[in-house]
Amino acid sequence: MNPQAKLIFTTSLLLGTTITISSNHWILAWTGLEINTLAILPLISKSHHPRAVEAATKYFLVQAAASALVLFSSMTNAWHTGQWDITQLTHPTSCLILTSAIAIKLGLAPFHFWFPEVLQGSPLTTGLLLSTAMKFPPITLLFMTSQSLNSTLLTTMAIMSTALGGWMGLNQTQTRKILAFSSISHLGWMAIIITYSPKLALLNFYLYTLMTAAVFLTMNSMKVLKLSTLMTSWTKSPALSTTLLLTLLSLAGLPPLTGFLPKWLIIQELTKQEMPLMATMISLLSLLSLFFYLRLAYCSTITLPPHTTNHMKRWHVHKPVNTQIAILTTLSIMLLPISPIILTIM
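Here the structure is a predicted model, which is why all the values come from computation and not from measurement.

**Student:** Help me get a handle on empty space enclosed by the protein, residues and values and all.
**Tutor:** Inspection of the entire model under this criterion finds two cavities of 30 Å³ or more. Estimated volume of the largest cavity: approximately 90 Å³. Lining the largest cavity are 13 residues, and of these Tyr59, Gln63, Lys105, Met134 and Pro138 sit closest to its centre. Elements with a contribution of two residues or more to the lining of the largest cavity: helix 2 (26-44), helix 3 (50-81), helix 5 (114-120) and helix 7 (136-144).

In structure tokens, the structure reads:
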């Protein structure tokens, strides 16, 4: 892709996100979401492969439908209350429509079907944007309207997302699809807590972004798109494979890694809200996704490729250390001891 074009699209992404997260008026927030959608489409379809074009088409249709619902819910609220302010969303029907619209935008179950397909058709770097940056504006809208949302509906969606994200990721062989189902599962944890402790949901999103960015950039550096390629990556870059193992375990939420912090705090908050059953259910359902994280970790480090592999062996090259990956991986693994400081800042 032309560097100038790439610069324009990246700037538009930043602009769209900034407009949405800093606006108080529904029309401005909707405009930011639309700019974001239009800016990411060329980045998804830049390879001109039929699957990439298909992914871009699916993404456009889903996001256009969700944006229309956002506009519809805000107009319904304005019609009944005379308010266009985002924080003044008080009409029950508007709240219901908005929750559905944001769920479609984020890929929360039962509106999750588009996300794995779109991620599978995109390059790894665009996949990283779709999994992290593109979810920030909708999460912000949920954060701003959290006091008006229906907590029963969000809890149901959250349990479904964690269950389906774990269940459907079990038999996948493509790393991008596995990361897509991982994202759906993590969104469940954010959705269940957003009405009770919005700041905790945001903290979860930040840490999820950190860990997912580390995984995507590591896989991009090793050129890994499926599990069979991951199995031969140990001989090519042992250090990267080791850090990938730890980052994946952190994504799974195992102590004493960073990923354990949000899960621990969310379970604690749910117990305080007298929802021990939901806390137990979401904890048990996250064991499903633990299985495929362990499978990825096993493939990246422990499995030695058999001698009868039908694909090329990779040369062991001494590439310079990627600073971004080094910083992100360190943060993805070692933030748990400083959790009191993080909580003070939040």
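Back to the write-up after that little detour.
**Student:** Now, about unusual backbone geometry: what can you tell me, with residues and values included?
**Tutor:** Cis rather than trans, the peptide bond between Ala109 and Pro110 has omega equal to 5°. Inspection of the secondary structure assignment puts Pro110 in the loop between helix 4 (92-106) and helix 5. Backbone torsion omega between Pro255 and Pro256 reads 5°, so that peptide bond is classified as cis. Here the phi dihedral of His48 falls at roughly 60°; this positive angle occurs in a residue that is not glycine. Relative to the elements of secondary structure, His48 occurs in the loop between helix 2 and helix 3. On the basis of relative accessible area, His48 is assigned to the exposed category, the value being 66%. Of note in this structure, Lys223 is not a glycine but carries a positive phi near 55°.

**Student:** Pulling in residues and values, what's your account of the pattern of salt bridges?
**Tutor:** Under the criterion given, the structure shown has three salt bridges. With a closest N to O distance of 3.9 Å, Glu117 and Lys58 form a salt bridge. Here the residue Glu117 occupies a position in helix 5, and Lys58 occupies one in helix 3, the gap between them amounting to 59 residues. A residue is classified by how much of its surface remains accessible, and Glu117, at 34% relative accessible area, is partly exposed. Take Lys58: its relative accessible area is 28%, and that puts it in the partly exposed class.

**Student:** Any details on the packing of aromatic side chains? Residues and values, ideally.
**Tutor:** As enumerated under the stated definition, the model contains eight aromatic pairs in all. Seen from their ring centres, Trp114 and Phe115 are 5.4 Å apart, and the 75° between their planes marks the pair as edge-to-face. Take Trp114: its relative accessible area is 9%, and that puts it in the buried class. What makes Phe115 buried here is its relative accessible area of 0%. Linked through ring pairs, Phe136, Phe205, Tyr206 and Tyr208 together constitute an aromatic cluster. In this arrangement the basic side chain of Lys135 is found over the ring face of Phe115, its NZ or CZ atom lying 3.7 Å from the centre.

**Student:** Any chance you could break down the layout of surface pockets for me, citing the residues and the numbers?
**Tutor:** The method is simple in principle: a probe with the dimensions of a water molecule rolls over the atoms, and the space it marks as empty is what remains. The computed volume of the second largest pocket comes to approximately 290 Å³. Around the second largest pocket sit 13 residues that line it, and Leu14, Thr17, Leu129, Thr132 and Ala133 are the ones nearest its centre. Going through the elements one at a time, helix 1 (3-22), helix 6 (124-131) and helix 10 (198-222) are the ones with two or more residues in the lining of the second largest pocket. Top element by residues in the lining of the second largest pocket is helix 1. It accounts for four residues. Of the residues belonging to the lining of the second largest pocket, the class tally is eight nonpolar, five polar and no charged. Split by domain, the lining of the second largest pocket shows at least three residues from each of two domains, domain 1 (1-138) and domain 2 (150-345).

**Student:** If you had to explain the UniProt feature "transmembrane region" (unreviewed entry) in the chain to someone new, which residues and values would you point to?
**Tutor:** UniProt's entry tags residues 56-76, 96-115, 152-171, 178-196, 202-219, 239-257, 277-304 and 325-345 with the feature "transmembrane region" (unreviewed entry), counted in the numbering of this structure. Between the end C-alpha atoms of residues 56-76 the distance is 30 Å, and the span holds 100% helix and 0% strand. Each end of residues 178-196 is marked by a C-alpha atom, and these two atoms are 29 Å apart; helix forms 84% of the span and strand 0%.

**Student:** Before we move on, could you go through the domain arrangement of the chain and cite the residues and values that matter?
**Tutor:** Taken domain by domain, the chain comprises domain 1 (1-138) and domain 2 (150-345). Summing the contributions of domain 1 and of domain 2, the shared interface buries around 2400 Å²; its carbon and sulfur component is 78%. Considering only the side of domain 1, the residues that lose the most area to domain 2 are Leu108, Gln120 and Leu124, jointly responsible for 28% of the buried surface there. There are one salt bridge connecting domain 1 and domain 2.

**Student:** Just give me the short version of the environment of Ile21, but keep the residues and values in it.
**Tutor:** Along the chain, the position of Ile21 falls in helix 1. With a relative accessible area of 32%, Ile21 lands in the partly exposed category. Leave out the neighbours within four places in its chain, and Ile21 touches Phe136, Pro137 and Thr140.

Each value, and the rule that gives it
Numbers given for residues are sequential positions, taken from 1 along each chain in its written order. Totals for whole chains, interfaces and linings use every residue, but because this is a predicted model, local features are given only for residues with pLDDT of at least 70 and side-chain atom pairs only at 80 or more, for both listing and counting. Side-chain numbers come from the whole structure's heavy atoms, not from hydrogens or water. Two kinds of site are reported from a 1 Å grid over the protein atoms alone, namely cavities, where a 1.4 Å probe fits but cannot get out, and pockets, open sets with protein on both sides within 12 Å along at least five of seven lines, and residues are called lining when an atom falls within 4 Å of a point. Grid points are joined across faces, edges and corners, and a volume is the space filled by probe spheres set on the points. Secondary structure elements follow DSSP: runs of H or I of four or more residues count as helices, runs of E of two or more count as strands, with numbering from the N terminus. Each residue's exposure class comes from its accessible area (1.4 Å probe, protein chains only) as a fraction of the maximum for that residue type: buried when under 20%, exposed when over 50%, partly exposed otherwise. Salt bridges are defined by distance alone: a side-chain nitrogen of Lys or Arg within 4 Å of a carboxyl oxygen of Asp or Glu. Two aromatic rings from Phe, Tyr or Trp, using only the six-membered ring of Trp, form a pair when their centres are within 6.5 Å; if the ring planes differ by under 30 degrees the pair is stacked, by over 60 it is edge-to-face, and anything between is tilted. For a Lys NZ or an Arg CZ to count as sitting over a ring, it must be within 6 Å of the ring centre and within 35 degrees of the ring normal. Ten residues, namely Ala, Val, Leu, Ile, Met, Phe, Trp, Tyr, Cys and Pro, are considered nonpolar, four, namely Asp, Glu, Lys and Arg, are considered charged, and the remaining ones, Gly among them, are considered polar. What fixes the domain bounds is an automatic or database domain assignment. UniProt positions are given in the numbering used here, feature names are shortened, and annotations may be inferred rather than shown by experiment. Throughout, buried area stands for the accessible area (probe radius 1.4 Å) lost by two parts on being put together, summed over both. In what follows, residue pairs with any heavy atoms lying within 4.5 Å of each other are defined as contacts.

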